[in-house]
Every structure is written in structure tokens, then in C-alpha cells.
Amino acid sequence: MAEKKEFLEIGRIINTHGVRGEVKIDPWCDSPEDFCELSRIYLENKTEFSVLRSRVINGNFILCSLSGIKTLDDAVKYKNKVIYAKREDLNIPEGSNFICDLIDLPVIDADTGKVYGRLTDVLQYTSQEVYEITDENSKKTLIPNVPAFIKECDTEKGIFITPIEGFFE
């Protein structure tokens, strides 16, 4: 298995806010509140910034004050930059996984051991996640991430599923 990434993408600075250097962030975490718990973030070149203040606005976005960004001119330089966090700084519930750790894992029948392909994407809808599985012929199959179908996600061995008739036809 590939080595797990130290830095994970957690959002993007989408705009500035006000004249004191605040930035508006589109968080890619499970919830904006998760993002607000971070005390430090990193930009694309892994430059560290301390989070001085952050708050959720409009239900889905974050307004954030970062160390070293004190003016509108400072903030505008970071517009459209991807934000990272160190894996060790992120809290995830027991039994959960980061999507980046699941991508490219083999998808295996939990009963027969048959390999159906590899996980190539996780589509996130409001009701549930959907796993995109691509076989060796580049055919894509979508499976809801629900206990009825996804039995186990083991980041070392693969994703074990119980498919119903017709999933892979």
C-alpha cells in the first residue's frame, strides 16, 4: 500500500473579507465546524499559518484570520489557494477514513474474494456517499456507501462489499 499523505487538502480560500486580512474559505471537511477546530493550516507550498480566529458563516463557509495576513492586500495574494492540514491535526471518528486513503484500493467481494476493480472516486451527495468503482476495462459502477453493500473498508487490504445481482453487469 502507498504511504499515507502527511498533508491533506481541507479547503480553498475563495475570497477576501473586509480590510483586516480575513479570508473566506470553502471547507472540504465533513462539517465547517471541524475546520474551525484547527489551530494551524498550511498553504500549497506547506507554509504554516496559525489560525487566530475562525467562524462559520452562511452555514457552509468559514471566515478566518491567519497569522501574517493583516490587510486586504495581504489576503488577496492567497485567493484560490488550496489549504492543507497535517493528518495528525485532524480528528476523525473511530471507524472513519480519509477519502484519500480509500482511493485506488481494490474492491473485493466479501464472500467470494472476487476483485471487481478499484475505488476511483467518492461522490458526496446530501443523503449519502456513493463509491465509484472502475474495473480493468475502465467500466464504472456506482455503489452507495451503506452497510447493506459496504462491509468493511480496510486501508491496508481493500474495500469489502456484498453486491446485489446486477451491480456489475
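All values reported here derive from a predicted model rather than from experimental measurement. (Residues numbered from 1 in each chain as written. Predicted model: local features only at pLDDT ≥ 70, side-chain atom pairs only at ≥ 80, totals over all residues. Heavy atoms only, no water.)

> What should I look at first to understand the overall build of the chain in this one?
The helix and strand inventory of the chain stands at three helices and twelve strands. Reported as C-alpha extents along the three principal axes, the dimensions of the chain are approximately 60 × 30 × 30 Å. Sorting the 169 residues of the chain into buried and exposed places 37% on the buried side. Pairs at least 24 apart in sequence give 50% of the contacts found in the chain among residues at least 6 apart. Across the chain, the centroid of the 21 positively charged side chains sits 8 Å from that of the 30 negatively charged ones. (Helix = DSSP H or I, 4+ residues; strand = E, 2+ residues; numbered from the N terminus. Buried < 20%, exposed > 50% of the residue type's maximum accessible area, 1.4 Å probe, protein only. Contact = heavy atoms within 4.5 Å. Lys, Arg positive; Asp, Glu negative; His and termini not counted. Charge placed at Lys NZ, Arg CZ, Asp CG, Glu CD.)

> Just checking my understanding: could you explain the sheet that holds strand β12 (residues 158-161) for this structure?
Whether parallel or antiparallel, the strands of a sheet pair through hydrogen bonds between backbone atoms. Read across the sheet, six strands follow the order β10-β9-β8-β7-β12-β11 without closing on themselves; strand pairing throughout is mixed. Across the chains shown, the open sheet's two edge strands, defined by having one partner strand only, are β10 (140-144) and β11 (150-154). With strand direction ignored, the average angle separating the axes of adjacent strands in the sheet is 35 degrees. Pairing of strand β9 (residues 129-134) with β10 involves five bridges; the strand directions are antiparallel. Across the sheet, residue Val-130 finds its bridge partner in β10, namely Pro-144. (Pairing = 2+ DSSP bridges. Axes fitted to C-alpha atoms, helices over the stretch in contact; angles between N-to-C directions.)

> Teacher, can you tell me more about the pattern of salt bridges here?
Opposite charge on two side chains permits pairing when their charged atoms draw close. By the definition in use, this model includes eight salt bridges. Arg-87 is the salt-bridge partner of Asp-101, the closest N and O atoms lying 2.8 Å from each other. Here Arg-87 lies in the loop between β6 (82-86) and α3 (99-102) and Asp-101 lies in helix α3, a separation of 14 residues in the sequence. Overlapping salt bridges bring together Arg-40, Glu-88 and Asp-89 as one network. (Salt bridge = Lys/Arg side-chain N within 4 Å of Asp/Glu carboxyl O.)

> Honestly, the side chain of Glu-132 in this entry has me stumped. Any pointers?
As for its placement among the helices and strands, Glu-132 is situated in strand β9. Within the structure, Glu-132 has its side chain in polar contact with the side chain of Thr-120 (distance 2.8 Å). Non-local contacts of Glu-132, meaning those with residues more than four positions away in its chain, are made with Arg-118, Leu-119, Thr-120, Asp-121, Lys-140, Thr-141 and Leu-142. (Polar contact = N/O pair within 3.5 Å; in protein donor to acceptor, adjacent residues only side chain to side chain.)

> Please clarify how the nonpolar core should be interpreted in this entry.
As a rule of thumb, nonpolar side chains are buried together in soluble globular proteins. Ranked by internal contacts, the top residues of the largest apolar core, which has 20 residues, are Ile-10, Ile-25, Ile-41, Leu-66 and Ile-83. Elements supplying a minimum of two residues to this core: β1 (7-17), β2 (22-27), β3 (40-43), β4 (48-57), β5 (61-66) and β6. Dropping the residues within four chain positions of it, Ile-10 is found in contact with Asp-26, Pro-27, Trp-28, Cys-29, Phe-35, Leu-38, Ile-41, Ile-83, Tyr-84, Ala-85 and Leu-90. Of all hydrophobic cores here, the second largest spans 14 residues; its members include Val-122, Phe-149, Ile-159 and Phe-167. (Core = buried A, V, L, I, M, F, W, Y, C linked by side-chain atoms within 4.5 Å.)

Note that every value here comes from positions in space, so none of it alone points to a role or purpose.
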